[in-house]
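Residues per chain are reported as follows:
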Amino acid sequence: MSSSPKTIAEKILSLHSGKDAKAGDIVIADLDFLIGQDGTSGVAIDSFNKLGVNKVFDPHKIAITIDHSSPSPNLGVSAIHQKIRDFAAAQGIKLYDIGCGVCHQITPEQGHAVPGDLIIGADSHTCTCGAINVFSTGIGSTDLAAGWASGKLWFKVPETFKVTYKGKLPKGVFSKDLILRLIGDITADGATYMALEIGGQAILDLSVDARFTIANMAIECGAKVGIMPADKKVMDWVEKHSKRSPKPVEADPGAIYAKTLEIDVAKLEPQIAKPHQVDNVCPISQIGDVAIQQGFIGTCTNGRLEDFQIAAKILKGKKVKDGCRLIIAPASKEIMLDMIKDGTFQTLVDAGAVPVTPGCGPCVGTHNGVPSDGENVISTANRNFKGRMGNPNAFIYLASPATVAASVIEGKIADPRDSR
Ligand code: SF4
């Protein structure tokens, strides 16, 4: 293979296709893992059955989660869930049934992803695993079916946009604020079909859990993936979760970037994405008086142990304000058990939080936590489009778990830096 300098994305796609791949090339690449969820796998199964293939290429490299409408809210969804259960059993595929958690938490947590991997998932936030140096990207149901059959998929090698976060993160400011600021700055289509290569000291200072939040939202500025370096924190995290051997990949000196951007985090405030666009972002000092009727902490963006611990620290000994609700959905059963073990769960419930099944929770509006007309919700999720959470007449503000916790105490959007 030629030694032309490569970005992380170019290198992973080269290694998986056996080609000297550079931005703009089309390659057919071998897949390390494929994930489906209950909203997309029913169609993927129908497509797979039409291919005339009896068996998936390797059942050990495939999993399906029942996380979006979990447990099932109605007969139609129950029928899809049953179809998925039957398919998984017939193919010997690992099924993560109701209550196991969100696909993007399950994939790394259960050891299916290691640095250097190429992963696809029939869900747009599959980019989450970029935090552990994986080229991990969302695809449609028919592509998932083709991947199940062949273990391969075609890719147009993306150009790379290098984002460097420098400086020391101020108190009360978190990884969610870093990614909201980036999306606010470059807009929702600022990195369309690009690979974000995200690094810098401010990223290295973050925990791996906090880095997942940033990689998860890469798609919200159009990126195919948001890849980060495999430093010692990542390698230790992966060793704890996976038996597979990592193959970390770093960019070559002289790699060609389509764009570069440096963000100094030292003076960053907590950020809020206002309705109804994820790039409608302002610093919290500019938000004004916004009453809140519902808070939500969870999702593949911010439903990890650290997120709930941060919220619990703020809510300890306090109460969710009368007239306001707080729903919490751990991103996985493992996280829920850890929350119970360390007292985080008790603290949040004592403060008035209402736990729901580990999984997507109210994020996508399919089964619980649908806000009423005219209500304002503050959420740790990644999307605030009109109709997200199930009601086009509600208003969704996106923020960090700390900002959500501070806000439900006040019953209005509140700055977590003022919480004691
Ligand atoms: Fe999608 Fe929300 Fe589930 Fe994440 S938590 S996979 S954004 S529905």
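Everything here concerns the structure above.
Residues numbered from 1 in each chain as written. Predicted model: local features only at pLDDT ≥ 70, side-chain atom pairs only at ≥ 80, totals over all residues. Heavy atoms only, no water.

Attention now moves to the pairing of strand β8 (residues 159-166). Looking at chain direction, β8 and strand β9 (residues 194-199) are connected through 6 bridges and run parallel. Within the sheet, the bridge partner assigned to Val163 lies in β9 and is Ile198. As for the winding sense of the linkage, the β-α-β connection from β8 through helix α6 (residues 175-186) to β9 is right-handed. Examined bridge by bridge, β8 and strand β11 (residues 259-264) share 6 bridges and lie parallel to one another. Its bridge partner being in β11, Lys166 is matched across the sheet by Asp264. (Pairing = 2+ DSSP bridges. Helix = DSSP H or I, 4+ residues; strand = E, 2+ residues; numbered from the N terminus. Right-handed = clockwise from strand over helix to strand, strands pointing away.)

This part takes up the sheet that holds β9. Reading across from one edge, β10-β9-β8-β11 is the order of the 4 strands in this open sheet, with parallel pairing throughout. Each of the sheet's edge strands pairs with one partner strand only, and the pair in question is β10 (225-227) and β11. In this sheet, neighbouring strand axes are inclined to one another by 20° on average, regardless of whether the strands run parallel or antiparallel. Contacting β8, β9 and β11, α6 runs over the sheet at an angle of about 125° to β8. (Axes fitted to C-alpha atoms, helices over the stretch in contact; angles between N-to-C directions. Contact = heavy atoms within 4.5 Å.)

So, on to the site of the ligand. With respect to spatial proximity, the complete set of residues near the ligand consists of His68, Val102, His104, Asp123, His125, Thr299, Cys300, Cys360, Cys363, Val364, Asn382 and Arg388. Here the residues of the shell around the ligand are counted per class, giving 5 nonpolar, 5 polar and 2 charged. (Near = heavy atom within 4 Å. Nonpolar A, V, L, I, M, F, W, Y, C, P; charged D, E, K, R; others polar.)

Here we come to the environment of Ala113. With respect to the helices and strands, Ala113 occurs in the loop between α4 (103-109) and β5 (118-121). Once the C-alpha coordinates of Ala113 and Lys243 are considered, the two residues, 130 residues apart in sequence, prove to be 10.0 Å apart. Among residues more than four places away in sequence, those in contact with Ala113 are Thr107, Pro108, Ile119, Cys129, Ile132, Val134, Val238 and Arg244.

Another aspect to go through is the sheet that holds strand β6 (residues 135-138). Neighbouring strands of a sheet are bound in pairs by backbone hydrogen bonds; such pairs are parallel or else antiparallel. Pairing within the open sheet is parallel, and its 5 strands lie in the order β4-β3-β2-β5-β6. The open sheet terminates on both sides in strands that have one partner only, identified here as β4 (94-96) and β6. For this sheet, the mean angle separating the axes of adjacent strands, direction not counted, is 20°. Of the pairings in the sheet, the one linking β5 to β6 comprises 4 bridges and is parallel in character. For Ile119, the partnering residue across the bridge sits in β6 and is Ser136. Along the sheet, helix α3 (residues 75-91) makes contact with β2 (33-37), β3 (62-65) and β4, crossing β4 at roughly 150°. On the sheet, helix α5 (residues 141-150) packs against β2, β3 and β5 and is oriented at approximately 140° with respect to β2.

We now examine a nonpolar patch on the surface. A cluster of nonpolar side chains, contributed by Ile26, Ile28 and Trp154, occupies part of the molecular surface with about 370 Å² of accessible area. With respect to the element layout, Trp154 can be found in strand β7 (residues 152-156). (Patch = residues over 30% accessible without salt bridge, like charges linked within 9 Å, V, L, I, M, F, W, Y side chains within 5 Å. Areas by Shrake-Rupley, 256 points an atom, 1.4 Å probe, with all protein chains shown as cover. Salt bridge = Lys/Arg side-chain N within 4 Å of Asp/Glu carboxyl O.)

Core analysis: the largest hydrophobic core is formed by 98 residues, its most contacted members being Ile132, Tyr165, Leu196, Leu315, Leu326, Leu348 and Ile413. If sequence neighbours within four positions are ignored, Leu348 has contacts with Phe308, Ala311, Ala312, Leu315, Ile328, Met339 and Ala353. Formed by 34 residues, the second largest nonpolar core is a distinct cluster that contains Ile12, Ile120, Phe135 and Leu153. (Core = buried A, V, L, I, M, F, W, Y, C linked by side-chain atoms within 4.5 Å. Buried < 20%, exposed > 50% of the residue type's maximum accessible area, 1.4 Å probe, protein only.)

As a further point, take the pattern of salt bridges. Scanning the model with the defined rule gives 18 salt bridges in all. Here Asp46 makes a salt bridge to Lys83, at a shortest N to O gap of 2.8 Å. Of this pair, Asp46 sits in helix α2 (residues 41-50) while Lys83 is found in helix α3, placing the two residues 37 residues apart along the sequence. Through salt bridges with shared partners, one network takes in Asp117, Arg244 and Lys247.

What follows deals with the side chain of His81. For His81, the location among the structural elements is in helix α3. The exposure class of His81 is buried, given its relative accessible area of 2%. A distance of 2.9 Å separates a polar atom in the side chain of His81 from a polar atom in the side chain of Asp38. (Polar contact = N/O pair within 3.5 Å; in protein donor to acceptor, adjacent residues only side chain to side chain.)

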